[in-house]
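Remarks on the overall topology
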Amino acid sequence: MSSVSSREQRRAITAVKESLRDLRNQLSLLNHQVSSAVRIKDVDLDCLELIQRTGPLSPSVLARTAGLHPATLTGILDRLQRGGWIVRERDPEAADRRAITVRALRDRNGELIRHYAGMNTAMDAICAGYTEAELELLAGFLRRVTAAGHDATAELATE
C-alpha cells in the first residue's frame, strides 16, 4: 500500500470514527429529549430499552447488562414501575421462590413510538437510498462496532 492510499485510508477511518461520535452524541441528545418528554431519567430510558428488547429478565442480569450497581438499578426499577412502564413478577421457573423478572408493559409503548417517529421516518428515508447489499454491509459494520463497544465496556468494568 502506498503512503498516499495509506494516508487516505487513515483519513477515512478518522472520518468514520468522528461520524460515530457525532451519531452517539446526537442520539444521546434525542434520548434526553424523549426521556424529558415522558418524564423519566435518561438512565431509566436506557434500562427500559434494554428491558423492552431483551426482557423479561432478572434484575441482576439487567444490572450486569446496563453496567449498573444493583442498588442503583433498584431505584430505577422503582421509578419505572411507579410510572407504569414495567412490572416485576415472580419467576415461576426459578428455584428460589423470591426470584423475580422484570417485564415492560406494552400499553405505554405508543408514547415512546410517537416521540421517536421523526427519527424513524428519517431513517426509513435514508435507508431507502441504499441497496439491500449496502444495507447489509452497514448493518454488519454497526453490529461489529457495537460488539467492540461491548467488549471495551466489559474491559473497563473489570478494572
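Residues numbered from 1 in each chain as written. Predicted model: local features only at pLDDT ≥ 70, side-chain atom pairs only at ≥ 80, totals over all residues. Heavy atoms only, no water.

1. A few points about the packing of helix α2 (residues 42–54) against helix α4 (residues 70–82)
Axis separation between α2 and α4 bottoms out at 10 Å; the angle between their running directions is 80°. Here α2 lies roughly perpendicular to α4, going by the angle between them. Each of V43, D44, C47, L48 and I51 in α2 lies in contact with α4, whose residues at this interface are L73, I76, L77, R79 and L80. Split into classes, the residues belonging to the contact of α2 with α4 amount to eight nonpolar, no polar and two charged. (Axes fitted to C-alpha atoms, helices over the stretch in contact; angles between N-to-C directions. Helix = DSSP H or I, 4+ residues; strand = E, 2+ residues; numbered from the N terminus. Parallel < 35°, antiparallel > 145°, perpendicular 65-115°, else oblique. Contact = heavy atoms within 4.5 Å. Nonpolar A, V, L, I, M, F, W, Y, C, P; charged D, E, K, R; others polar.)

2. Some details on the packing of aromatic side chains
Taken as a whole and judged by the stated rule, the model has zero aromatic pairs. The ring of W85 has R108 sitting right over it, with the charged end atom 3.9 Å from the ring centre. (Phe/Tyr/Trp six-rings, centres within 6.5 Å; stacked < 30°, edge-to-face > 60°. Lys NZ or Arg CZ within 6 Å of the ring centre and 35° of its normal.)

3. Digging into the environment of D44
Of note, D44 is situated in helix α2. With relative accessibility at 1%, the residue D44 sits in the buried group. Taking the C-alpha atoms as reference points, D44 and L57, separated by 13 residues in sequence, lie 16 Å from one another. Aside from chain neighbours lying at most four places away, what touches D44 is I76, R79 and L80. (Buried < 20%, exposed > 50% of the residue type's maximum accessible area, 1.4 Å probe, protein only.)

4. With respect to the environment of G84
By secondary structure assignment, the location of G84 is in the loop between α4 and β1 (86–90). Separated by 24 residues in sequence, G84 and R108 have C-alpha atoms that sit 7.5 Å apart. Sequence-distant contacts of G84, that is, excluding residues within four places in its chain, are made with L105 and R108.

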